[in-house]
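Here are the chains, one letter per residue:
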Amino acid sequence: DGTVVWLNAASSITFPAAFTGKERQVTLSGEAYFEVATDASRPFTVKVGDMQVRVLGTHFNIMAYNDEQCVNTTLLQGAVKVQSAAGEALLKPGQQAKMDHTGNVKVVPANIDATIAWKNGLFSFNNASIEEVMRQVARWFDAEIVYPDGIPQDRFQGEIDRNSDITAVLKILEASGVKFTVQGHKILVRS
């Protein structure tokens, strides 16, 4: 239908071979950026678990990894309606809907650059905890993260090129004082 979708690491999308009927529906697991082709007669819907995002033609990002605390829908252009059993929200460009595990939806201002950094080939951290950072690293490099001495309390700020190898990424992160040991597919994190 002309819609373009970018999938982040550890993500998948399910859709029919051809959209027939009155609606274009896809199912997402993980994270994707959508540029939806306009078709007022056939709305576009993204299903993520118990949540639906309905659009006519727009640019938006959905981050819905199972290991994250919220499903985040960020609108860059157009309009979307986020619906769950607990409520709904109509987003304007520059807003983000955060749906928690109970289905409650809260609308907040979005950091657009950080939200779509992955699509632009970057890891982006804005006062991120080591757990937030390492979830992204684990998905991108297909690694298991282990905290043998507990979780360090360091915070991270900045961007790292996703085309860097794991050694280069960990070396940059070590500038904060956190230490990493790689053992096969495991990354051990210590303060």
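Bear in mind that the values here come from a model prediction, so they are computed numbers and not experimental data.

1. Concerning the packing of aromatic side chains
- Counting across every chain of the model gives seven aromatic pairs.
- With a centroid separation of 4.9 Å and an interplanar angle of 10°, the aromatic rings of Phe 34 and Phe 60 are classed as stacked. Remark: Phe 60 occurs in strand β6 (residues 59-64) and Phe 34 occurs in strand β3 (residues 24-35); sequence separation between them is 26 residues.
- Judged by relative accessible area, which is 0%, Phe 60 ranks as buried.
- Residue placement shows Lys 119 over the ring face of Tyr 33; its charged tip is 4.7 Å from the ring centre.

2. Considering unusual backbone geometry
- One non-glycine residue, Ala 10, adopts positive backbone phi at about 55°.
- Here Ala 10 lies in the loop between β1 (4-7) and β2 (12-14).
- The phi dihedral of Asn 127 is positive, around 55°, even though this residue is not glycine.
- For Asn 127, the position within the fold is in strand β12 (residues 122-129).

Procedures and definitions
- Residues numbered from 1 in each chain as written.
- Predicted model: local features only at pLDDT ≥ 70, side-chain atom pairs only at ≥ 80, totals over all residues.
- Heavy atoms only, no water.
- Phe/Tyr/Trp six-rings, centres within 6.5 Å; stacked < 30°, edge-to-face > 60°.
- Helix = DSSP H or I, 4+ residues; strand = E, 2+ residues; numbered from the N terminus.
- Buried < 20%, exposed > 50% of the residue type's maximum accessible area, 1.4 Å probe, protein only.
- Lys NZ or Arg CZ within 6 Å of the ring centre and 35° of its normal.

Everything listed here is a matter of coordinates, which is why it stays silent on function.
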